[in-house]
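What follows is the residue order along each chain.
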Amino acid sequence: MANHSIKAGNIAVIGSGSWATALAKLLLGNTEHIMWYQRRPERIEEFVRLGHNPMYLTDVAFNTSRIHFSSDINKVCDWADTLVIAVPSPYFKATVDGITVPVKGKTIATAVKGIVPEENKIVTRYLEDRYGCNPQDMVVIGGPCHAEEVALERLSYLTIGCHDRDRCAGFARCLAGKNMRTILSSDVDGIEYAAVLKNVYAIASGIIHGMKTGDNFGAMLISNAVREMRRFIDKASPMPDRDVTDSAYLGDLLVTAYSRFSRNHNFGSMIGRGYSVKAAKMEMEMVAEGYYGTKCMHEINKTMGVDMPILNCVHAILYDLVPARKAIQAITDTFV
């Protein structure tokens with residue numbers, strides 16, 4: 001039953017992948033209609049005909065009479081009071097740079113778990129610089145959560161981050177449901193950076209899984225990854241009461257590093273089993289965002305100077321084509 005007490009106005013989703021589909025389903029549990037931007041008109045026609053996304057989470061049924069589809073991003077952005085952006089980070093810039101109508105003053109919620117390539121900026125910073133969006137108007141959607149388990153209606157948790165507590169709580173109600181709990185946070189930058197880094201570390205976890213190094217070493221990798229994440233986030237965005245053992249940081253890292261649904265873990269596992277980077281990318285049916293996040297974070301850290309041996313190791317494997325076993329061996333003595 002829709003909860004009409006939610007004050008989000010007209011809500012629109014931008015994106016057509018797994019996360020966009022899962023979020024659209026949650027939103028329709030709390031509002032009567034949404035608008036949904038999808039780039040390809042033929043996919044929209046197929047969605048309406050089938051009653052489900054023809055490409056992603058195909059078991060999730062929709063009442064399409066409650067969805068206003070459009071392949072015109074400006075029409076969608078003009079109509080909406082709240083924009084939920086859920087596109088893979090490699091395509092984010094090309095998607096939002098097509099927006100020519102004013103979006104300043106709207107609530108913008110980002111479920112993008114990556115850095116904006118070439119710009120090397122977190123998404124909220126890019127929107128602030130590109131469109132003059134007020135940081136108080138922007139919301140970030142963090143984990144720990146896989147779209148696939150949301151689709152299966154398993155008990156899940158999302159972290160909602162915003163500098164404005166009331167806006168944060170209001171948007172959280174848009175996503176809440178019987179099997180979806182929400183946690184509020186003011187750590188917008190920390191959630192965004194953690195969402196990028198956990199993908200990098202999930203690739204590392206997949207690599208050692210593919211190499212069959214064992215669970216003992218895997219536990220050491222992740223415990224050191226948590227400390228590495230904390231060092232970077234605390235320098236990039238100091239916050240005295242941040243606790244990286246909270247679910248938005250450690251929880252999201254764990255689910256991404258170990259879940260069978262994790263694209264980044266599966267991508268890394270292929271590398272560890274001997275696939276070339278090119279072959280692993282070709283075999284993946286969906287984007288492993290950690291591949292792009294690794295390069296962006298490595299570039300950012302050139303100026304930050306944080307001690308990040310795991311990030312450097314994954315970068316060496318993916319971009320310098322250092323053999324995985326050699327690169328992993330080189331960081332084993334850094335672990336504590």
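In this text, all values refer to a predicted model and were calculated from it rather than measured experimentally. (Residues numbered from 1 in each chain as written. Predicted model: local features only at pLDDT ≥ 70, side-chain atom pairs only at ≥ 80, totals over all residues. Heavy atoms only, no water.)

For the rest of this paragraph, the subject is the sheet that holds strand 4 (residues 82-85). Taken in spatial order, the eight strands of this open sheet run 3-2-1-4-5-6-7-8, and their pairing is mixed. Among the strands making up the open sheet, the edge pair consists of strand 3 (67-70) and strand 8 (180-185). Recorded for the sheet is a direction-independent mean angle of 20 degrees between the axes of neighbouring strands. Sheet topology note: the strand 2 (residues 34-37)/strand 3 ladder contains four bridges and is parallel. Within strand 3, the position partnered with Tyr-37 by the bridge is Ser-70. Sheet strands in contact with helix 5 (residues 123-131) are strand 4, strand 5 (107-110) and strand 6 (138-142), and its direction is about 160 degrees off that of strand 6. (Pairing = 2+ DSSP bridges. Helix = DSSP H or I, 4+ residues; strand = E, 2+ residues; numbered from the N terminus. Axes fitted to C-alpha atoms, helices over the stretch in contact; angles between N-to-C directions. Contact = heavy atoms within 4.5 Å.)

Another aspect to go through is the pattern of salt bridges. Side chains bearing opposite charge may pair, as long as their charged atoms lie close to each other. Taken as a whole and judged by the stated rule, the model has 13 salt bridges. Across the pair Asp-137 and Arg-167 runs a salt bridge whose closest N-O atoms are separated by 2.9 Å. Here Asp-137, found in the loop between helix 5 and strand 6, pairs with Arg-167, found in helix 7 (residues 165-175); they are 30 residues apart in sequence, far enough to count as distant. Owing to a relative accessible area of 11%, Asp-137 belongs among the buried residues under this scheme. The structure contains a network of salt bridges with shared partners spanning Lys-93, Asp-97, Glu-119 and Arg-130. (Salt bridge = Lys/Arg side-chain N within 4 Å of Asp/Glu carboxyl O. Buried < 20%, exposed > 50% of the residue type's maximum accessible area, 1.4 Å probe, protein only.)

All right, on to the pairing of strand 7 (residues 156-161) then. Burial analysis of strand 7 places five of its six residues in the buried class, which makes it a mostly covered element. Relative to strand 7, strand 6 runs antiparallel, the two being bridged by three bridges. By the bridge assignment for strand 7, Gly-142 is matched with Thr-159. Bridge count for strand 7 against strand 8 is six bridges, and the pairing is parallel. Each residue of the ladder has a partner; that of Ile-160, found in strand 8, is Leu-184. Handedness of the crossover joining strand 7 and strand 8 through helix 7: right-handed. (Right-handed = clockwise from strand over helix to strand, strands pointing away.)

This paragraph deals with helix 9 (residues 215-236). Taking 1.5 Å of rise per residue, 22 residues should cover 32 Å, and helix 9 covers 31 Å from first to last C-alpha, within 8% of that figure. Of the positions making up helix 9, those classed as buried are Phe-217, Gly-218, Leu-221, Ile-222, Asn-224, Ala-225, Val-226, Glu-228, Met-229, Phe-232 and Ile-233. Summarising the contacts, the buried residues of helix 9 are in contact with helix 8 (188-211), helix 10 (247-258), helix 13 (289-304), helix 14 (309-319) and helix 15 (324-331). (Expected span 1.5 Å × (residues − 1).)

Assignment of secondary structure puts Cys-162 in the loop between strand 7 and helix 7. The buried category is assigned to Cys-162, whose relative accessible area is 2%. The contacts of Cys-162, once residues within four sequence positions are left out, are Gln-136, Met-138, Val-139, Arg-167, Cys-168, Ser-185, Ser-186 and Val-188.

When two helices pack together, their arrangement is given by the angle between the helix axes and the distance between those axes. Remark: helix 8 packs on helix 9, axes separated minimally by 10 Å, with the N-to-C direction vectors making an angle of 155 degrees. The orientation of helix 8 with respect to helix 9, classified from their angle, is roughly antiparallel. Here helix 8 and helix 9 pass one another in a crossing that is right-handed. The residues of helix 9 that touch helix 8, namely those facing Gly-190, Tyr-193, Ala-194, Leu-197, Lys-198, Tyr-201, Ala-204, Ser-205 and Ile-208, are Phe-217, Gly-218, Leu-221, Ile-222, Ala-225, Glu-228, Met-229, Phe-232, Ile-233 and Ala-236. Residue composition of the contact of helix 8 with helix 9, by class: 14 nonpolar, three polar and two charged. (Parallel < 35°, antiparallel > 145°, perpendicular 65-115°, else oblique. Left-handed = near helix turned anticlockwise from the far one by under 90°. Nonpolar A, V, L, I, M, F, W, Y, C, P; charged D, E, K, R; others polar.)

Here the focus is the packing of helix 8 against helix 15. Running from N to C, helix 8 and helix 15 cross one another at 115 degrees; their axes reach a closest spacing of 11 Å. Considered as vectors, helix 8 and helix 15 are oriented roughly perpendicular to each other. When you trace helix 8 past helix 15, the crossing you get is left-handed. Packed against helix 8, whose contacting residues are Ile-207, Ile-208 and Met-211, the element helix 15 presents Ala-324, Arg-325 and Ile-328 at the interface. The class makeup of the residues in the contact of helix 8 with helix 15 is five nonpolar, no polar and one charged.

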